[in-house]
Amino acid sequence: MRLTIPLTLAALLTSTAPALALTVNWIDWQSSSTAGGGFTASGQIVSGTETIDVTYTNSQGVSFIQTGTGTNYFTPTDPATSPYTSTGPLGNDNIPTAAEMIALNRQGSQTLTFSQTVENLYLSFVSLNRNGYTFDQDLEILSQTGADIDGAGTDAAGFWGTGLVTKVDNLDGTFSINNPTAGEPHGTLLFASQFDTLTWNSDSNENWNGFTIGIQGTATQVSPVSPVPLPAGGLLLLSGLVGVGALKRREKHTA
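Residues numbered from 1 in each chain as written. Predicted model: local features only at pLDDT ≥ 70, side-chain atom pairs only at ≥ 80, totals over all residues. Heavy atoms only, no water.

**Student:** Whenever I open this one, the pairing of strand β11 (residues 175-178) confuses me. Can you help?
**Tutor:** Two faces make up the sheet, and in a regular strand the side chains alternate between them. Summarising the sheet, strand β8 (residues 132-135) and β11 pair through four bridges and their orientation is antiparallel. Its bridge partner being in β11, Y133 is matched across the sheet by I177. By the bridge criterion, four bridges tie strand β10 (residues 166-169) to β11 in an arrangement that is antiparallel. Bridging from a neighbouring strand, T166 pairs with N178 of β11. Counting the residues between successive antiparallel strands, the hairpin from β10 to β11 contains five residues, one of them, L171, with a positive phi of roughly 60°. (Pairing = 2+ DSSP bridges. Helix = DSSP H or I, 4+ residues; strand = E, 2+ residues; numbered from the N terminus.)

This is how it looks when you write it as structure tokens:
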């Protein structure tokens, strides 16, 4: 006997299956300033009906910024082999926007500030050669050149070549990625949490390594707050009060 599943049930089962990856909303870097000797950049991320303003500050200065023009360093552009994409429930299936990048060249601290609380932030990096970043948030390495982290195949070389970074828990609330040996790591990190700011250090001078960011969405989009259900006793009390109210209305009309 062949077991058949009604079409509506089959569609429901398909729609509730976990996604293999999600589409990241990447930033559009729009402007920058070097007033005061440091560097500030502004950009926007559009997530559905929400527009999140992003400010990047770096008191040491940077090498350069791309705001949509110039060389696309986020290559190769095939998502199947890109070191910037990955599978899994929080993996990303789209590559960072071409020529939207900030290139770093100096050791020191920098901060991203968001106009709304964001959730699940993606940071893609280019050419982190014999350098590293130390973040104030925990992170996961989703993908990188020369590795097969998600089991979908070894990621191809990036624009400048291939290489690996490793994650280090510094046991002080900070987390690092670093490339202690030769190579040209390119890849994507995930910060699977909610926050308004992200601060990290470039651990050494190097001209240059680059980054860009994207998000799954705002905290209210990704994790909307559900109404708190009343306990069973509260429901009984509420129904009793409704009943008493209805009885009093009937008494008033019959008086």
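After that view of the structure, there is still more to cover.
**Student:** What exactly am I supposed to notice about the environment of D196 here?
**Tutor:** Note that D196 resides in strand β12 (residues 187-202). With a relative accessible area of 38%, D196 lands in the partly exposed category. C-alpha of D196 to C-alpha of Q116: the two residues are 80 residues apart in sequence and 6.4 Å apart in space. Here D196 is in contact with L112, T113, F114, Q116 and T117, once residues within four sequence places are set aside. Of note is the side chain of D196, whose polar atom sits 2.5 Å from the side chain of T117. (Buried < 20%, exposed > 50% of the residue type's maximum accessible area, 1.4 Å probe, protein only. Contact = heavy atoms within 4.5 Å. Polar contact = N/O pair within 3.5 Å; in protein donor to acceptor, adjacent residues only side chain to side chain.)

**Student:** What is the right way to look at the nonpolar core in this model?
**Tutor:** Proteins that are soluble and globular tend to have nonpolar side chains buried together. Counting 33 residues, the largest nonpolar core has Y56 and I213 as its most contacted members. Of all elements in the fold, only β3 (39-47), β4 (50-58), β6 (100-104), β7 (108-126), β8, β11, β12 and β13 (209-218) reach the threshold of two or more residues within this core. Counting residues per element, this core draws most heavily on β7, which supplies six residues. The contact partners of Y56, leaving out residues within four places of it in the chain, are W29, F39, T40, A41, V62, I102, L104, Q110, T111, L112, W200 and F211. With eight residues, the next largest nonpolar core counts F74, I95, M101 and V126 among its residues. (Core = buried A, V, L, I, M, F, W, Y, C linked by side-chain atoms within 4.5 Å.)

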